[in-house]
Amino acid sequence: MTLSEIALRVGNTPLIDLTPPGSRAEIWAKVESHNLSGSVKDRAALGMIQKGLADGSLAPGRRIIEATSGNTGIGLAVIGRLAGYPVTIVAPPQASVERLDILRSAGAEVIFSDQLAGSNGALEKALSIYKADPEAWFWPNQYYNQANCDAHSKTADEIFAQTGGRVTHFVAATGTGGTAIGATRGLKRLKPSVAAYSVEPAEDFHGIEGTKHMATEAVPEIKLDGRKMKGIFETGKAALDGTLFISTDDAYKGVDLLAERGVFAGISSGANYIAALRMVDRSPGGVIVTVLPDGADRYLYEKIWSRRFYGPALTRALFREMGAYFEKCYPEEGCGLLLGVQTGRPDKPVIKKFAQVTNRNADSRNDRYDIDPNDYRRVEAEARNAGLKILGIAHSHPDHPPRPSQTDLDAAWEDFSYFIFSISGGGMVSGYSWRLENGAFREELIDIVGEHG
Ligand code: PMP
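Remember, predicted model here, so these are calculated numbers, not experimental data.

**What to know about the overall build of the protein**
Then, number 1: Helix and strand counts for the protein stand at 15 helices and 20 strands.
Then, number 2: Taking 2.2 N^0.38 as the reference for a compact globule, 453 residues should give roughly 22 Å; the C-alpha atoms of the protein span a radius of gyration of 24 Å, in line with that estimate.
Then, number 3: Its C-alpha atoms give the protein principal-axis dimensions of about 70 × 60 × 35 Å.
Then, number 4: Residue burial in the protein is summarised as follows: out of 453 residues, 56% are buried.
Then, number 5: When the accessible surface of the protein is totalled, it reaches about 18800 Å², and 52% of it is carbon and sulfur.
Then, number 6: A distance of 5 Å separates the average location of the 50 positive side-chain charges in the protein from that of its 56 negative side-chain charges.

In structure tokens, the structure reads:
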């Protein structure tokens, strides 16, 4: 497909009215999941590829390489493939499993960076791969590439046109800063009185994927071809009138509010919506515009809808810790005990810890697990000392769906949560929880809470 054909499918997203009843200001949002690959980052991916082709840094025979834990990678993978350029993505291993699956199904190669080094670690790894053979690669380098910002001058044009020029305020979550800074520049060019704010996570450890807490996560200055490069956020932040800080909990509340309005959007969209609602008091009579960077379907793994229902709660870090352990056990079944506390709601225990135990099954380790009663008693005593109880058992199903088997049912106890993780080809696919009810298993919804929850 030619780039101009691809460009027809990027941008021109709907602007929807999200003004709450009785509000003193209007709130509107661009639904960016309508882009080709499903997120706002298609705009940047297309812009950077167009610029690469124009300046010769992208040419036939080169691979595209980028550090990203998600949406940019998906945009590059989809657009790169359509335009005829294969794509390699460098991501930290804790990136959302669904996004990695989407990346791979879009044909991208995924390379993992150091788990502890976060997104900046992925950036360093991409830089070192690129530097080792610059002729082989095209590195869009989204954190430093002005084309990422420039792509959003079109976002600004669309907002201006879709509001009939009435826009007064703009708020947008910042990851690279491309959306916030690019659209702000564009809007101020069209209408200098527009006030624009970036939206950042309030906490340094946060659950608003795709965004950065700039005070602790800002991208470092890098050296390329002897030149020092500052990130586009650092370079462009003077265009902004300020920053709104939104907690992960509030971002999730925003996701719920959007869902009540029939809009199924991702976590940063929730943060943006809360930020827009906060702007209302500061700007009575205003026309506040924000973006919904992606859809809720990018976060099914986090089960963002389950929080209000029954089922055990735990942090994403703990959920991923279990998944990582069962990946290590593959192709055998792994097992462990879920330790936690009961809350005021018996159907909503909180899992605080995962205790790995040995699968002592000797002859069918790929599809059976068996916990030694001595292990169980040891963990139970340790739990008691820590003020915790055993609330359930987690085990894995290698190359098998995460549904309980007859053996699981026969061995199940009342009042226990049974987590089953499906591990396919060594990679975690999904984790579900089950509880015995009237002699049958009922699915519980696992409530993934913010890291501080
Ligand atoms: N929300 C989500 C879900 C994202 O993936 C991103 C991109 N990292 C952003 C917000 C922020 O966009 P930008 O990189 O343009 O600042």
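Following the structure, the description resumes.
**Regarding the sheet that holds strand β6 (residues 137-138)**
Then, number 1: Across the sheet, which stays open at both edges, the four strands sit in the order β5-β4-β3-β6 with parallel pairing between neighbours. In the strand order of this sheet, the two ends are held by β5 (109-112) and β6, each with one partner.
Then, number 2: The pairing of strand β4 (residues 87-91) with β5 spans four bridges and is parallel. The residue of β5 that forms the bridge with Thr88 is Glu109.
Then, number 3: Sitting on the sheet, helix α5 (residues 118-132) touches β3 (63-67), β4, β5 and β6, and the angle it makes with β3 is about 150°.

**Observations regarding the site of the ligand**
Then, number 1: Every one of the 15 residues lining the ligand counts as a neighbour, but Lys41, Gly175, Thr176, Thr179 and Ser268 are closest to it.
Then, number 2: Backbone polar atom of Gly175 to an oxygen atom of the ligand: 2.7 Å apart, as the coordinates give it.
Then, number 3: Calculation on the ligand without its partners gives an accessible area of 390 Å², and the protein chains cover 96% of this total.
Then, number 4: When its residues are assigned to classes, the shell around the ligand shows three nonpolar, nine polar and three charged.

**Quick look at the domain arrangement of the protein**
Then, number 1: For the protein, the assigned domains are domain 1 (9-36 + 148-299), domain 2 (42-146) and domain 3 (307-448).
Then, number 2: Taken over C-alpha atoms, the centre of domain 2 sits 36 Å from the centre of domain 3.

**A look at the environment of Thr248**
Then, number 1: Of note, Thr248 is situated in helix α11 (residues 248-260).
Then, number 2: For the pair Thr248 and His206, spaced 42 residues apart in the sequence, the C-alpha separation amounts to 5.9 Å.
Then, number 3: For Thr248, the side chain forms a polar contact with the main-chain nitrogen of Gly207, separated by 2.9 Å.

**So, the sheet that holds strand β12 (residues 287-292)**
Then, number 1: Judged by pairing direction, the sheet is mixed, and its six strands sit side by side in the order β1-β2-β12-β7-β8-β11 without closing on themselves. A single partner strand is all that each edge strand has here, and the edge strands are β1 (15-17) and β11 (242-246). Taken pair by pair, the neighbouring strands of this sheet meet at an average axis angle of 30°, ignoring direction.
Then, number 2: Note: strand β2 (residues 26-31) against β12, six bridges, orientation parallel.

**Section: the pairing of β12**
Then, number 1: β12 sits mainly inside the fold: six of its six residues count as buried.
Then, number 2: A two-sided burial pattern is seen for β12, the buried positions comprising Val287, Val289 and Val291 on one face and Ile288, Thr290 and Leu292 on the other.
Then, number 3: Bridge count between strand β7 (residues 169-173) and β12: three bridges; the pairing is parallel. Counted as the bridge partner of Phe170 is Val289 from β12.

**Remarks on helix α12 (residues 267-282)**
Since the α-helix turns once every 3.6 residues, residues separated by three or four places project in the same direction.
Then, number 1: Across its 16 residues, α12 extends 24 Å between first and last C-alpha, which sits within 8% of the 22 Å expected from 1.5 Å per residue.
Then, number 2: Taking burial as the measure, the 16 residues of α12 include twelve buried ones, the bulk of the element.
Then, number 3: Along its buried surface, α12 packs onto β2, β7, β8 (195-201), β11, α11 and β12.

**Focus: the side chain of Asn361**
Then, number 1: Mapped onto the secondary structure, Asn361 falls in the loop between β15 (350-357) and α14 (373-385).
Then, number 2: Of the polar contacts made by the side chain of Asn361, one reaches the backbone nitrogen of Ser364; its length is 2.9 Å.
Then, number 3: Setting aside residues up to four positions removed in sequence, Asn361 forms contacts with Arg368, Tyr369 and Asp370.

**Regarding the pairing of β7**
Then, number 1: Buried residues dominate β7, accounting for five of its five residues.
Then, number 2: With burial as the criterion, each face of β7 is covered, one bearing His169, Val171 and Ala173 and the other bearing Phe170 and Ala172.
Then, number 3: Relative to β8, β7 runs parallel, the two being bridged by five bridges. Residue Phe170 lies in a different strand from β8, and its bridge partner there is Ala196.

**Here we look at unusual backbone geometry**
Then, number 1: Along the chain, Tyr330 connects to Pro331 via a cis peptide bond; the corresponding omega equals 10°.
Then, number 2: By secondary structure assignment, the location of Pro331 is in the loop between α13 (316-329) and β14 (335-341).
Then, number 3: Of note in the backbone geometry, Asn12 takes a positive phi value of approximately 50° without being a glycine.
Then, number 4: Here Asn12 is to be found in the loop between α1 (3-7) and β1.
Then, number 5: A positive phi angle, close to 55°, is found at Asn141, a residue other than glycine.
Then, number 6: For Asn141, the location among the structural elements is in the loop between β6 and α6 (146-150).

Calculation notes
- Residues numbered from 1 in each chain as written.
- Predicted model: local features only at pLDDT ≥ 70, side-chain atom pairs only at ≥ 80, totals over all residues.
- Heavy atoms only, no water.
- Helix = DSSP H or I, 4+ residues; strand = E, 2+ residues; numbered from the N terminus.
- Rg over C-alpha atoms; globule rule 2.2 N^0.38 Å.
- Buried < 20%, exposed > 50% of the residue type's maximum accessible area, 1.4 Å probe, protein only.
- Areas by Shrake-Rupley, 256 points an atom, 1.4 Å probe, with all protein chains shown as cover.
- Lys, Arg positive; Asp, Glu negative; His and termini not counted.
- Charge placed at Lys NZ, Arg CZ, Asp CG, Glu CD.
- Pairing = 2+ DSSP bridges.
- Contact = heavy atoms within 4.5 Å.
- Axes fitted to C-alpha atoms, helices over the stretch in contact; angles between N-to-C directions.
- Near = heavy atom within 4 Å.
- Polar contact = N/O pair within 3.5 Å; in protein donor to acceptor, adjacent residues only side chain to side chain.
- Nonpolar A, V, L, I, M, F, W, Y, C, P; charged D, E, K, R; others polar.
- Domains from an automatic or database assignment.
- Expected span 1.5 Å × (residues − 1).

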